[in-house]
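Here is how the chains run, residue by residue.
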Amino acid sequence: MAILNVSQLNRYVCFLLQGDRALQSVLVRGEISNFTNHYRSGHYYFTLRDDTSGVKAVMFRSNAQRLKFMPKDGMQVIVAATASLYEKEGAFQLYVTDLQSDGTGLRTLALEDLKKKLTTMGAFDVANKQSLPPMPQKIGVVTSDTGAALQDIRNIMERRYPIGHLHVFPAQVQGEMAPDSICDAIRAAEMKQCDVILVGRGGGASEDLAAFQTEKVVMAIYHCGVPIVSAVGHETDWTLADAAADLRAPTPSAAAELAVPNIKQLMHTVAHFSHQLQQQMEKILQQKQQRLNRFLDRLRLQTPVYRQTLAQEQLDSILIRLSHYQKNIIAQRQQQLTQIVQRLELLNPYKILEQGYALVYHGETLLHRAVDVAVGEQVEIRLEHGKIQAEVKMVFDDLEEEKEI
């Protein structure tokens, strides 16, 4: 028996398939899933499925551009194709030349019926959704412990929120046992008293995400008392689990970012509030200090020492004003006295003596008329300097002729 390498084997099988006339032109009915429009090449890639089986299919650009509609997942179609083998991968697939719609697929109808049932049960009600805690301490992750999704979440957590504690609850995320495994992991995370739970997996074909389209998983999410963030597949994937979760994230990495805060932003916020608190405290302390100073000033005004000091200051002020008043009064009286003295000096009869005049007294009487003295009487003549005693020899009265003794 000859030993064949892989390429020889694949080429041989491909030759056998191409030699079978029945497979060169077949009509196949099925439901489209995992549809991909390769925009760069213009080729369509999808899986054609029925209830139990699936087959890969490709429609090249030359045939695809003749279609009058765009195929999509869940569409029931009839394809005209050639069955052959893609030698490079050893994959059996259909090379589609044409396709036409054959109504809605059974899987799509079943999914729509389940969605209506769950909606009636309130599984998707916004009012029932829980808010995520702002700073969770225990973050539960329900996913495959060997998948890339878990590592992505760990990387985000280490970078963004290293103070959080990550608890992994491994679960099968595809296959027949996946729904029960996911439900058990969710309940385990809830019993562990996690603050938030991330549920999901990385991207894959629609049948790979089928577990998250089941009633069991949806109801497990709905009845969970812990907020759940779903992260199933890629950004364009959507499942019933996403609708039931408290928050839907486009990817597992995005789920980690939505579930926990950024510690750098937290530190910035703390620093900002700390600065505001410091300013507010300083403002309050300044206000209280000003109020205290006012109370101290008022209290100081009431102390005996201050009142005595104030009274002494008032007394000193009065004494100063009194002294000034006394000096002013004395100065005024001195001025008045000087004026009186000056006037008295003007009236002083002796003042005229300085001009060469004399005063004649008869006894103590100042003589004004010559007839007030008789001849022979003694009179006193007062000069500016000295006195003269004289005896009256003659008396003249108003220019009358003199009288001789």
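Here the structure is shown first, and the text comes after it.
Keep in mind that this is a model prediction, so the values were computed, not measured.

*Asks:* Explain the nonpolar core here, please?
*Replies:* Note that soluble globular proteins tend to have their nonpolar side chains buried in a common cluster. Core analysis: the biggest nonpolar cluster contains 34 residues, and Val142, Ile182, Ile186 and Ile197 have the highest contact counts within it. Every element with two or more residues in this core is listed here: helix 3 (106-120), helix 5 (178-191), strand 8 (196-201), helix 6 (215-223), strand 9 (228-232) and helix 7 (240-244). When residues of this core are assigned to their parent elements, the largest contribution, 6 residues, is made by helix 5. Counting residues in hydrophobic clusters, the runner-up holds 18 residues, among them Phe35, Ala64, Met75 and Leu94.

*Asks:* Explanation requested: the side chain of Asn262 in the structure shown.
*Replies:* Mapped onto the elements of the fold, Asn262 is located in the loop between helix 8 (252-259) and helix 9 (263-302). The buried category is assigned to Asn262, whose relative accessible area is 16%. Of note is the side chain of Asn262, whose polar atom sits 3.0 Å from the backbone nitrogen of Lys264.

*Asks:* Is there a simple way to think about the sheet that holds strand 6 (residues 138-143) in this case?
*Replies:* Spatial ordering of the open sheet is given by 7-6-8-9-10, a layout of 5 strands whose pairing is parallel. Two strands lie at the open edges of the sheet, namely strand 7 (165-170) and strand 10 (247-248), each paired on one side alone. Across 2 bridges, strand 9 lies against strand 10 in parallel orientation. Across the sheet, residue Ser230 finds its bridge partner in strand 10, namely Arg248. Each of strand 8, strand 9 and strand 10 touches helix 8; the most contacted strand, strand 8, lies at about 170° to it.

*Asks:* I tried to follow the pairing of strand 11 (residues 359-362) on my own but got confused; where do I start?
*Replies:* In regular strands, side chains alternate between the two faces of the sheet. Only one face of strand 11 is buried, namely the one carrying Leu359 and Tyr361, since none of Val360 and His362 on the opposite face is buried. Where strand 11 and strand 13 (residues 378-382) come together, 3 bridges link them in antiparallel fashion. Paired with Tyr361 across the strands is Glu380, a residue of strand 13. When strand 11 meets strand 12 (residues 365-366), the two strands line up antiparallel, connected through 2 bridges. Paired with Tyr361 across the two strands is Leu366, which belongs to strand 12.

*Asks:* What's the story with the packing of helix 9 against helix 10 (residues 304-347) in this structure? I'm lost.
*Replies:* For any two helices packed against each other, the geometry is given by the interaxial angle and the distance between the axes. The N-to-C vectors of helix 9 and helix 10 enclose an angle of 65°; their axes lie 5 Å apart at closest approach. Between helix 9 and helix 10, the interaxial angle falls into the category roughly perpendicular. On helix 10, the residues touching Arg300, Leu301 and Gln302 of helix 9 are Pro304, Tyr306 and Arg307. A class-by-class count of the residues in the contact of helix 9 with helix 10 yields 3 nonpolar, 1 polar and 2 charged.

*Asks:* How should I be thinking about a nonpolar patch on the surface in this particular structure?
*Replies:* There is a patch of nonpolar side chains on the surface, built from Leu4, Leu9, Tyr12, Val13, Phe15 and Leu16 and spanning about 590 Å² of accessible area. By the element assignment, Leu16 lies in helix 1 (residues 6-18). Residue Leu16 is classed as partly exposed on the basis of its relative accessible area of 44%.

*Asks:* How do you make sense of the pairing of strand 13 when you look at a structure like this?
*Replies:* Taken together, the 5 bridges between strand 13 and strand 14 (residues 387-391) define a ladder with antiparallel strand orientation. Within the sheet, the bridge partner assigned to Gln378 lies in strand 14 and is Glu391.

*Asks:* For this particular structure, what's the right way to read the side chain of Gln93?
*Replies:* Within the fold, Gln93 resides in strand 5 (residues 91-104). A polar atom in the side chain of Gln93 sits 2.9 Å from the side chain of Tyr95. Non-local contacts of Gln93, meaning those with residues more than four positions away in its chain, are made with Val55, Lys56, Val58, Thr82, Ala83, Ser84 and Tyr86.

*Asks:* How should the pattern of salt bridges be read in this particular structure?
*Replies:* Pairing between side chains becomes possible if they bear opposite charge and their charged atoms approach one another. Per the counting criterion, the structure on display carries 9 salt bridges. Of the charged contacts, one joins Lys216 and Asp180 as a salt bridge, the two residues approaching to 2.8 Å between their closest N and O atoms. Of the two residues, Lys216 sits in helix 6 while Asp180 sits in helix 5, which places them 36 residues apart along the sequence. The partner of Asp372 in a salt bridge is Arg369, and the shortest N-O contact between them spans 3.2 Å.

*Asks:* Got a minute to help me understand the sheet that holds strand 14 in this structure?
*Replies:* Working definition: the strands of a sheet are paired by backbone hydrogen bonds and lie parallel or antiparallel to each other. Here we have 4 strands laid out as an open sheet, ordered 12-11-13-14, and antiparallel in their pairing. Edge positions in the open sheet fall to strand 12 and strand 14, since each of these has one partner strand only.

*Asks:* Just to check I follow, could you spell out helix 5 for this structure?
*Replies:* Look at helix 5: 20 Å from first C-alpha to last across 14 residues, which is about the 20 Å you get at 1.5 Å a residue. Of the positions making up helix 5, those classed as buried are Ala178, Pro179, Ser181, Ile182, Cys183, Ala185, Ile186 and Ala189. Where helix 5 is buried, its residues contact strand 6, strand 7, strand 8, helix 6 and strand 9. Positive phi shows up at Gln193, right after helix 5, with a value of about 60°.

Rules used in this analysis
- Residues numbered from 1 in each chain as written.
- Predicted model: local features only at pLDDT ≥ 70, side-chain atom pairs only at ≥ 80, totals over all residues.
- Heavy atoms only, no water.
- Core = buried A, V, L, I, M, F, W, Y, C linked by side-chain atoms within 4.5 Å.
- Buried < 20%, exposed > 50% of the residue type's maximum accessible area, 1.4 Å probe, protein only.
- Helix = DSSP H or I, 4+ residues; strand = E, 2+ residues; numbered from the N terminus.
- Polar contact = N/O pair within 3.5 Å; in protein donor to acceptor, adjacent residues only side chain to side chain.
- Pairing = 2+ DSSP bridges.
- Contact = heavy atoms within 4.5 Å.
- Axes fitted to C-alpha atoms, helices over the stretch in contact; angles between N-to-C directions.
- Parallel < 35°, antiparallel > 145°, perpendicular 65-115°, else oblique.
- Nonpolar A, V, L, I, M, F, W, Y, C, P; charged D, E, K, R; others polar.
- Patch = residues over 30% accessible without salt bridge, like charges linked within 9 Å, V, L, I, M, F, W, Y side chains within 5 Å.
- Areas by Shrake-Rupley, 256 points an atom, 1.4 Å probe, with all protein chains shown as cover.
- Salt bridge = Lys/Arg side-chain N within 4 Å of Asp/Glu carboxyl O.
- Expected span 1.5 Å × (residues − 1).

Taken by themselves, the reported measurements are silent on function.
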